[in-house]
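Topology and contacts: notes
Each chain, letter by letter, is given below.
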Amino acid sequence: MTIVETSLPGVLLLKPRIFRDDRGAFWETWNQRTAAEAGIPDTWAQDNCSLSRKNVVRAIHYQVTQPQGKLVRVSHGAVLDVAVDLRRSSPCFGKHVAVELTGENAEMLWIPPGFGHGFLALTDHVCFAYKVTDYYSPSAERTIVWNDSELAIPWPIRPEDALVSDKDAKGSALRNAEVFP
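Owing to the predicted nature of the structure, the values given are computational and were not obtained by experimental measurement. (Residues numbered from 1 in each chain as written. Predicted model: local features only at pLDDT ≥ 70, side-chain atom pairs only at ≥ 80, totals over all residues. Heavy atoms only, no water.)

Turning to the sheet that holds strand E5 (residues 46-52), a few remarks are in order. Taken in spatial order, the six strands make up an open sheet running E1-E2-E10-E7-E12-E5, and their pairing is antiparallel. Whereas interior strands pair on both sides, the edge strands pair on one side only; in this sheet they are strand E1 (2-5) and E5. Averaged over all neighbouring strand pairs, the angle between strand axes comes to 25 degrees, with direction disregarded. Across six bridges, strand E7 (residues 70-76) lies against strand E12 (residues 126-132) in antiparallel orientation. Across the sheet, Lys-70 pairs through a bridge with Val-132, a residue of E12. (Pairing = 2+ DSSP bridges. Helix = DSSP H or I, 4+ residues; strand = E, 2+ residues; numbered from the N terminus. Axes fitted to C-alpha atoms, helices over the stretch in contact; angles between N-to-C directions.)

Turning next to empty space enclosed by the protein. To find the voids left in a structure, one rolls a probe of water-molecule size over its atoms. Evaluated as defined, the whole model comprises one cavity of 30 Å³ or more. The volume enclosed by the largest cavity comes to roughly 80 Å³. His-61, Tyr-62, Gln-68, Lys-70 and Phe-115 are, among the 13 residues lining the largest cavity, the residues nearest its centre. At the level of secondary structure, the elements contributing two or more residues to the lining of the largest cavity comprise strand E6 (57-63) and strand E11 (115-121). For the lining of the largest cavity, a count of residues per class yields six nonpolar, six polar and one charged. (1 Å grid on protein atoms, 1.4 Å probe; cavity = no way out; pocket = protein on both sides within 12 Å on 5 of 7 lines; lining within 4 Å. Points joined across faces, edges and corners; volume = space filled by probe spheres on them. Nonpolar A, V, L, I, M, F, W, Y, C, P; charged D, E, K, R; others polar.)

Along the chain, Thr-6 turns up in the loop between E1 and strand E2 (12-15). When neighbours within four sequence positions are excluded, Thr-6 is seen to be in contact with Val-11, Leu-12, Leu-13, Val-97 and Leu-109. (Contact = heavy atoms within 4.5 Å.)

This paragraph deals with the packing of aromatic side chains. Counted according to the given criterion, the structure contains six aromatic pairs. Between Tyr-62 and Phe-180 the ring centres are 5.9 Å apart and the planes differ by 55 degrees, which places this aromatic pair in the tilted class. Remark: Phe-180 occurs in the segment after helix H2 (166-169) and Tyr-62 occurs in strand E6; sequence separation between them is 118 residues. Since its relative accessible area comes to 5%, Tyr-62 is described here as buried. A relative accessible area of 10% means that Phe-180 is categorised as buried. Measuring from centroid to centroid gives 4.1 Å for Phe-119 and Phe-128, while their planes differ by 15 degrees, and the two rings are stacked. With respect to class, Phe-119 is no different from Phe-128; both count as buried. (Phe/Tyr/Trp six-rings, centres within 6.5 Å; stacked < 30°, edge-to-face > 60°. Buried < 20%, exposed > 50% of the residue type's maximum accessible area, 1.4 Å probe, protein only.)

Turning our attention to the environment of Val-82. Counting through the fold element by element, Val-82 comes out in strand E8 (residues 78-85). For the pair formed by Val-82 and Leu-109, sequence separation is 27 residues and the distance between their alpha carbons is 9.3 Å. Ignoring sequence-local partners within four residues, the contact set of Val-82 consists of Ile-60, His-96, Val-97, Ala-98, Gly-116, His-117, Gly-118, Ile-153 and Trp-155.

Now for the sheet that holds E6. Read from one edge of the open sheet, five strands run E9-E8-E11-E6-E13, paired in antiparallel fashion. The open sheet has two free edges, formed respectively by strand E9 (96-102) and strand E13 (141-144), since each of these has just one partner strand. Direction aside, the axes of adjacent strands within the sheet are offset by 25 degrees on average. For E6 and E11, the ladder comprises three bridges, and the chain directions are antiparallel.

Each pocket or cavity is described by its volume, and for the largest pocket that value is around 400 Å³. Lining the largest pocket we find 24 residues, and of these Arg-58, His-61, Lys-70, Tyr-130 and Glu-141 sit closest to its centre. Those elements that place two or more of their residues in the lining of the largest pocket are E5, E6, E11 and E12. With six residues, the top contributor of residues to the lining of the largest pocket is E6.

Printed below as a string of structure tokens:
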């Protein structure tokens, strides 16, 4: 597995070695030793999975208390996955990184605590899997609206085509959001 640093310090792209032949393919989805060398924890609180159809946008989610680190991947389909630095003291505050994760490329993104996370389903039948370092806490969850102009995320979708939950549509703008110190 190759680990690539992104433009946001701490956010890492994990690229597995894929062995393909006429029967199909094989790759590691987790290697504790490799992850530890990169500073990714090996203790997880939950494994989660979401199913989405094309044009579903999951806004920028995070927890202000019980912040979660997330290791995300797509087992089927494709997404544009986005991490946003929400640490006010960071020189990268408000900046984002976006990568395409697919079932075919098997890449994973490590998003440490202190970052927000969202994605756009690029295909029908997306199966999005993620491990988190702390438990879900509804009272701690915050949402930044997906198309906040200050974030300037280049989502490859027209706003009128985006399928967004009522909760995500009511997310706050970055300038009004409760974020990390």
